[in-house]
Amino acid sequence: MTPSGKPDLSVSIWRGGADGAYRTYSVPSRDSQTVLDVVTYVQRHLDPTLSYRFACRVGMCGSCAMTVNGRPRWTCRTHVSRVAKGDKLTVGPLENLPVVKDLATDMRPFFEKWQDAKGVFEPSKTRDDAIEPIRPDTRQRQLADAGVECINCGVCYAACDTVKWNTDYLGPAALNRAWTLANDVRDAGQTERLQAVASGGGCHACHSHQSCQEHCPQTLNPTASIAGLKRLTALAYLRGEIEA
Amino acid sequence: MNVRLYVWQRGTAALMAPLVLVHLAVIFYATRQGLTAADILGRTRGSITWGLFYGVFVLAAAIHASIGLRNILVEWVPGLRSRAAALISTAFGAVLVALGARAVAAVVLG
Ligand code: HEM
Ligand code: SF4
Ligand code: SF4
Ligand code: FES
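Residues numbered from 1 in each chain as written. Chains lettered and ligands numbered in written order. Predicted model: local features only at pLDDT ≥ 70, side-chain atom pairs only at ≥ 80, totals over all residues. Heavy atoms only, no water.

S.K.: Whenever I open this one, unusual backbone geometry confuses me. Can you help?
M.R.: Peptide bonds are mostly trans, and most non-glycine residues show a negative phi. Residues and elements named next belong to chain A. In the Ramachandran plot, Ser32 falls in the positive-phi region, its phi being about 50° despite a non-glycine side chain. Along the polypeptide, Ser32 turns up in the loop between strand E2 (21-27) and helix H1 (35-46). Note on Ser32: relative accessible area 59%, which makes it exposed. The phi dihedral of Ser208 is positive, around 55°, even though this residue is not glycine. (Helix = DSSP H or I, 4+ residues; strand = E, 2+ residues; numbered from the N terminus. Buried < 20%, exposed > 50% of the residue type's maximum accessible area, 1.4 Å probe, protein only.)

S.K.: Honestly, the sheet that holds strand E3 (residues 65-68) of chain A in this entry has me stumped. Any pointers?
M.R.: Picture the strands of a sheet paired through backbone hydrogen bonds; they go either parallel or antiparallel. All names here are of chain A. The strand order E2-E1-E5-E3-E4 describes an open sheet built from five strands, whose pairing is mixed. Across the chains shown, the open sheet's two edge strands, defined by having one partner strand only, are E2 and strand E4 (71-74). Strand-to-strand, the axes of this sheet are offset by a mean angle of 35°, without reference to chain direction. Alignment of E3 against strand E5 (residues 88-92), held across two bridges, turns out to be antiparallel. From the neighbouring strand, Thr67 faces E5, where its bridge partner is Gly92. (Pairing = 2+ DSSP bridges. Axes fitted to C-alpha atoms, helices over the stretch in contact; angles between N-to-C directions.)

S.K.: Explanation requested: the site of ligand 2 in the structure shown.
M.R.: The environment of ligand 2 is made up of 13 residues, and the closest members are Cys160, Thr162, Cys206, His209 and Cys212 of chain A. Residues of the shell around ligand 2, tallied by class, amount to six nonpolar, seven polar and no charged. (Near = heavy atom within 4 Å. Nonpolar A, V, L, I, M, F, W, Y, C, P; charged D, E, K, R; others polar.)

S.K.: Quick question: what am I supposed to make of the packing of aromatic side chains here?
M.R.: Ring pairs (aromatic) are described by centroid distance and by the angle formed between their planes. All names here are of chain A. Scanning all chains against the criterion turns up 11 aromatic pairs over all chains. Relative to Phe54, the ring of Tyr52 lies with its centre 5.6 Å away and its plane at 15°, an arrangement referred to as stacked. Classification of Tyr52 by relative accessible area gives buried; the value is 13%. Here the aromatic rings of Phe110 and Tyr157 are separated by 5.4 Å at their centres, their planes lie at 80°, and the arrangement is edge-to-face. Of this pair, Phe110 sits in helix H3 (residues 108-116) while Tyr157 is found in helix H5 (residues 155-159), placing the two residues 47 residues apart along the sequence. Cluster of aromatic residues (ring-pair linked, three or more members): Phe110, Phe111, Trp114 and Tyr157. (Phe/Tyr/Trp six-rings, centres within 6.5 Å; stacked < 30°, edge-to-face > 60°.)

S.K.: Teacher, can you tell me more about the interface of chain B and chain A here?
M.R.: Often, the extent of an interface is quoted as the loss of accessible area on bringing the components together. Contacts between chain B and chain A engage nine residues on the former and 17 residues on the latter. Summing both partners gives a buried area of about 1,200 Å² for chain B against chain A, and 65% of it is carried by carbon and sulfur. For chain B, the biggest contributors to the area lost against chain A are Met1, Val3 and Glu75 of chain B; these three give 50% of the whole. Along the contact surface separating chain B from chain A lie three residue pairs in polar contact (both at pLDDT 80 or more). For the side of chain B that touches chain A, the secondary structure elements donating two or more residues are helix H1 (3-32) and helix H3 (48-76) of chain B. (Contact = heavy atoms within 4.5 Å. Buried area = accessible area lost by both parts, 1.4 Å probe. Polar contact = N/O pair within 3.5 Å; in protein donor to acceptor, adjacent residues only side chain to side chain.)

S.K.: Looking at this structure, how should I read the coordination of the iron atom of ligand 1?
M.R.: Note on metal geometry: ideal angles are 109.5 degrees for four donors arranged tetrahedrally and 90 or 180 degrees for six donors arranged octahedrally. With respect to protein ligation, the iron atom of ligand 1 binds only His64 of chain B (NE2), at 1.9 Å. Locating His64 of chain B in the fold gives a position in helix H3. (Donors = N, O, S within 2.8 Å, 3.2 Å for Na, K, Ca; no water.)

S.K.: Which parts of the structure should I look at to understand the site of ligand 3?
M.R.: As a matter of local geometry, ligand 3 sits amid Cys150, Ile151, Asn152, Cys153, Gly154, Val155, Cys156, Ala173, Cys216, Pro217, Gln218 and Leu220 of chain A. In terms of residue class, the shell around ligand 3 is built from nine nonpolar, three polar and no charged.

S.K.: Help me understand the pattern of salt bridges, please; the structure alone is not making it clear to me.
M.R.: Side chains bearing opposite charge may pair, as long as their charged atoms lie close to each other. Residue and element names in this part refer to chain A. For the coordinates displayed, the defined rule picks out 13 salt bridges over all chains. Its salt-bridge partner being Arg239, residue Glu241 comes within 3.4 Å of it at the nearest N-O pair. On the accessibility criterion, Glu241 (45% relative accessible area) is partly exposed. Within the structure, one salt-bridge network assembled from shared partners comprises Arg15, Arg23, Asp47, Lys101 and Asp102. (Salt bridge = Lys/Arg side-chain N within 4 Å of Asp/Glu carboxyl O.)

What follows is the structure, encoded as structure tokens:
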């Protein structure tokens, strides 16, 4: 029992690497408590060897994502009261990524695919050119704006069954990023980017089942971005600008 | 799936959508009118239109379904190489074409 009068939370946390197991801890319940607060309590008061990641604690850095009661979530902005089943909470590492230890996953495949999708801006001008004004009300800028607030948390990547089944699949975040750049009129790498996302593990592997959109904490819609890439690449292919 | 397979799979799907509707309409018509097998064969035998209609349908379905099977194999059979998946699905498509062509021949020829 805690001062608030609520019973303690029973929190199962993944311990170890891929062959680890869940261990259960008892954590005092508090008002407005986040899942990240719970994990931090365990590390500070119960077991200092617990490994996990966080930085900003306010939903900006994208480093705190974990699997909470079976769903990928950003833990710093997830209130226990919203997700706990009774007084029970299960916290594991993100799916679809190798576990380093406890709640920390190896995010390298996620970021390498970001590179593979050519999710990097290719400048078309130099520092000596005048800055090109981009009107915010143009259609292309609005399409780019719709997907640009990604915080690289990996929640969508963990939520996507196609990522699980097809190891080559670039995944929703990398493709969403490619789509925002495909709508950036200042970018000079468009053909190479379309070529990159039209390959075997590219946008056409997506089944549009929208798990990514359902779970994205930034309420982005990678499914729509990927559908946009499917259209753009199909047209570019039919025009002979890219190859299969 | 790459962009070439995507264009073929969605292209054949778009082609099949109206063909399926016509096919269903014909089934309804034939049953509502109480046509016998002999009545139906009397209309389809020697008909270039029905031969083309179902010939195109068979080809589109074979292409579409074999690309679909390839996708399923790539995702659901761990360790299967994409070449092997392509081979299996091409063989499957060939079987569909053969079976379909036989069925079309049976109602149009003779
Ligand atoms: C009007 C007719 C049809 C339409 C509009 C259609 C449409 C589609 C679409 C859009 C997909 C992609 C689904 C995805 O990406 O997840 C698909 C997949 C597939 N289709 Fe069709 N289809 C039609 C008929 C058929 C027929 C007649 C067959 C079998 C003979 C078939 C077999 C398949 C298979 C095996 C897949 C792969 C499933 C997957 O990728 O998840 N389809 N179809
Ligand atoms: S819509 Fe596409 S990217 Fe999103 S979860 Fe489904 S398969 Fe993955
Ligand atoms: S698209 Fe959404 S869920 Fe995916 S990495 Fe970006 S912010 Fe996270
Ligand atoms: S700690 Fe930065 S998003 Fe959660």
